[in-house]
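# Reading the structure
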Amino acid sequence: MPVDEFTYAFIAKEENYSDNDYIIKEGTSGDWVYIILKGKVKVKKMTAKGLITVDTLREGEIFGEMILWQAGRGARTASVVADGPVKVGVLDTEALLKEYEKLSPRLKGLMKSLIKRLSETTQKAVTIAVETN
Amino acid sequence: MIDQEIDVFHAYLLKYRKGELVIKEGDYGISIYKIVKGKVLIFTESDNIEIPITTIGEGEVIGEMLFLKKTIDRRSASVRTLEDSEIEVWHPDMLAKEYADMPPVIKHIANQALNRLVRMNKMLVQLTTRKQKLREIVETDVWVKKRRFYRKKMEIGFTGRQINSTAKKLLSGYITDISLGGVGMEITNIKLNNNPFKTGDEFFVKTVLPNGKDMEFHAKIVSIKGGKMPGAPFFGMSFTELPDSSRKDLGFFLMP
């Protein structure tokens, strides 16, 4: 998908990665939200049976945004690895947080719930995938 | 189910008992539900089997997908209460102003998170269904394996000697079918109308399997009837003792 114009305005800098470079490492604390400008990435999670690919994200998609909805900067819930050469835009987290603060408490609650569900569902899917393989 | 208006926000508070259906998969729905008290199960159905997806507890919200996507769509899963629950229902119109005021960049990010959630949900349902089907296949397979060993028909000569008896009478004839449980024998050295044996009598039997392997076993009569040859008896026999080597040879012989 093309890069959303509103999001474009929040790009603080651009970064380039080579095939298999880790852009985000699971378990580390993170500060940045990213948008894919060119190429694609694989989202991977560590399991008892090793690293498994959970999702593939493409141009225009955003990742690392979990930190926006969390009170503290929690640990990254998955790794994001470049699949071929990738160019990403690093978003201005502080500016994004300011926008997030504008939401009504009700909508904030909605967003938190949504993100929590995404995280839990992904984890569940990963657990079953490991069990049945 | 009782409902009452609660505040200026005009949300409705619905009370459900344990086990009630709150949302049905496939229904058109646009409301958002917030669990104020209790717990609910999100599930889907495939081939009439209920597949649980996740449980949602107090303070959590469901149905937000349709609201944030702003499309008239069908519910992607069903929801029922796991215990007595109180659920606040928000109609999208109530949130219309708040939604309109949502910063575009946040709306964009939220929509993406939503799409990802839908994808993960689909994957979870697929994996859960597959896990269930795999379990069924394993259970079926054991039965299929057992059936393959059921029985084979043949005609192999045998000699038998009665055991556990002072008479120690002899038996000879043909084994016409064999399984892991026993054999069927056509008897040639005695007549049906002059049969000295009865059910429960036990014999030591020697024979040679069609694959050339010697086989010895103990078996007892469980049934007596007329055989194929006129006047000849047919004994249904059940193994009482089968040496490991013979059991193994029999096993191999019986495999398709």
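For the structure itself, look to the data block above.
Residues numbered from 1 in each chain as written. Chains lettered and ligands numbered in written order. Predicted model: local features only at pLDDT ≥ 70, side-chain atom pairs only at ≥ 80, totals over all residues. Heavy atoms only, no water.

## So, the overall build of chain B
When you go through chain B residue by residue, the secondary structure sums to four helices and 15 strands. Residues counted as buried form 44% of the 256 residues belonging to chain B. (Helix = DSSP H or I, 4+ residues; strand = E, 2+ residues; numbered from the N terminus. Buried < 20%, exposed > 50% of the residue type's maximum accessible area, 1.4 Å probe, protein only.)

## Things to note about helix α3 (residues 93–101) of chain A
All names here are of chain A. Those residues of α3 that sit buried are T93, L96, L97, E99 and Y100. Looking down the long axis of α3, one finds its buried residues gathered within 160° of arc, a one-sided arrangement. Turned more than 90 degrees off the buried face of α3, the exposed positions are K98 and E101. Where α3 begins, one side-chain oxygen reaches toward the backbone nitrogen of E94, 3.3 Å away; that side chain belongs to D92. (Arc of directions from axis to C-beta. Polar contact = N/O pair within 3.5 Å; in protein donor to acceptor, adjacent residues only side chain to side chain.)

## Structural notes on the interface of chain B and chain A
Taken together, the contact between chain B and chain A spans 40 residues of the former and 42 residues of the latter. Summed over both sides, the interface between chain B and chain A buries roughly 3700 Å², with carbon and sulfur atoms accounting for 69% of that surface. Linking chain B with chain A are six salt bridges. Across the salt bridge formed by K131 of chain B and E131 of chain A, the nearest N and O atoms sit 2.5 Å from each other. Taken together, the links from chain B to chain A amount to ten residue pairs in polar contact (both at pLDDT 80 or more). Those elements that provide at least two residues to the side of chain B that touches chain A are β6 (49–56), β7 (61–62), α1 (64–69), β9 (85–90), α2 (92–100) and α3 (104–148) of chain B. Classifying every residue of the side of chain B that touches chain A gives 27 nonpolar, five polar and eight charged. (Contact = heavy atoms within 4.5 Å. Buried area = accessible area lost by both parts, 1.4 Å probe. Salt bridge = Lys/Arg side-chain N within 4 Å of Asp/Glu carboxyl O. Nonpolar A, V, L, I, M, F, W, Y, C, P; charged D, E, K, R; others polar.)

## Quick word on empty space enclosed by the protein
Enumeration over the complete set of coordinates arrives at one cavity of 30 Å³ or more. For the largest cavity, the calculated volume is near 330 Å³. As for the largest cavity, its lining consists of 23 residues, of which V43, M66, T77 and A78 of chain A together with R116 of chain B are closest to the centre. The set of elements that each furnish at least two residues to the lining of the largest cavity consists of β3 (33–47), β4 (50–57), α2 (66–69) and α4 (105–132) of chain A together with α3 of chain B. Tallied by class, the residues present in the lining of the largest cavity amount to twelve nonpolar, six polar and five charged. (1 Å grid on protein atoms, 1.4 Å probe; cavity = no way out; pocket = protein on both sides within 12 Å on 5 of 7 lines; lining within 4 Å. Points joined across faces, edges and corners; volume = space filled by probe spheres on them.)

## Here we look at the packing of aromatic side chains
By the definition in use, this model includes four aromatic pairs over all chains. Relative to F203 of chain B, the ring of F197 of chain B has its centre 4.8 Å away and its plane inclined at 80°; by these criteria the two rings are edge-to-face. Looking at F197 of chain B, the relative accessible area reads 5%, which means it is buried. Here the aromatic rings of F217 of chain B and F239 of chain B are separated by 4.9 Å at their centres, their planes lie at 75°, and the arrangement is edge-to-face. Of this pair, F217 of chain B sits in strand β14 (residues 214–226) while F239 of chain B sits in strand β15 (residues 233–241), placing them 22 residues apart in sequence. Residue class for F217 of chain B comes out buried when judged on its relative accessible area of 1%. Just above the ring of W90 of chain B sits the side chain of R106 of chain A; from NZ or CZ to the centre is 5.7 Å. Geometry around F43 of chain B places R80 of chain B over its ring, the cationic atom sitting 5.4 Å from the centre. (Phe/Tyr/Trp six-rings, centres within 6.5 Å; stacked < 30°, edge-to-face > 60°. Lys NZ or Arg CZ within 6 Å of the ring centre and 35° of its normal.)

## Considerations on the nonpolar core
Counting 38 residues, the largest nonpolar core has W69, L96 and M111 of chain A together with M102 of chain B as the members making the most contacts within it. With residues up to four places along the chain from it excluded, the contact list for L96 of chain A reads F10, V33, L68 and L91 of chain A together with V105, I106 and I109 of chain B. Listed in part, the 25 residues of the second largest apolar core include L171, I175, I187 and L254 of chain B. (Core = buried A, V, L, I, M, F, W, Y, C linked by side-chain atoms within 4.5 Å.)

## What about the sheet that holds strand β10 (residues 152–163) of chain B?
All names here are of chain B. Pairing in this closed barrel of six strands is antiparallel, and the strands run β10-β11-β12-β15-β14-β13 around the ring. The mean inter-strand angle of the sheet, taken between neighbouring strand axes irrespective of direction, is 45°. As paired elements, β10 and strand β13 (residues 202–208) share six bridges and run antiparallel to each other. Looking at the pairing, T159 lines up with K206 of β13. On top of the sheet, helix α4 (residues 244–254) reaches β10, β11 (170–178), β14 and β15; it is set at about 70° to β14, its chief contact. (Pairing = 2+ DSSP bridges. Axes fitted to C-alpha atoms, helices over the stretch in contact; angles between N-to-C directions.)

## What to know about the sheet that holds strand β3 (residues 21–23) of chain B
Strand order in the open sheet made by the four strands is β3-β8-β5-β6 (chain B), with antiparallel pairing throughout. Each edge of the open sheet carries a strand with a single partner, namely β3 and β6 of chain B. Put simply, the sheet's adjacent strands are angled 35° from each other on average, direction ignored. Of the pairings in the sheet, the one linking strand β5 (residues 40–46) of chain B to strand β8 (residues 78–81) of chain B comprises four bridges and is antiparallel in character. In the sheet register, V40 of chain B faces β8 of chain B, and the bridge partner there is T81 of chain B. Relative to the sheet, α4 of chain A contacts β5 and β6 of chain B, its axis offset from that of β6 of chain B by approximately 135°.

## Things to note about the environment of N189 of chain B
All names here are of chain B. Inspection of the secondary structure puts N189 in the loop between β12 (182–187) and β13. A residue is classified by how much of its surface remains accessible, and N189, at 36% relative accessible area, is partly exposed. As for N189 and P233, which are separated by 44 residues in sequence, their C-alpha atoms are 9.5 Å apart. Here N189 is in contact with L170, L171 and S172, once residues within four sequence places are set aside. Here L170 takes part through its backbone oxygen, which lies 3.1 Å from a polar atom of the side chain of N189.

## Overview of the pattern of salt bridges
Counted according to the given criterion, the structure contains 17 salt bridges over all chains. Linking E101 of chain A and K108 of chain A is a salt bridge whose minimum nitrogen-to-oxygen distance equals 3.5 Å. Given a relative accessible area of 19%, K108 of chain A falls into the buried group. A salt bridge links E50 of chain B to R80 of chain B, with the shortest nitrogen-to-oxygen separation between them at 2.7 Å. Here E50 of chain B, found in strand β6, pairs with R80 of chain B, found in strand β8; they are 30 residues apart in sequence, far enough to count as distant. Residue E50 of chain B is classed as partly exposed on the basis of its relative accessible area, which comes to 32%. Look at the salt bridges and you will find they share partners, linking K40, K42 and D83 of chain A into a network.

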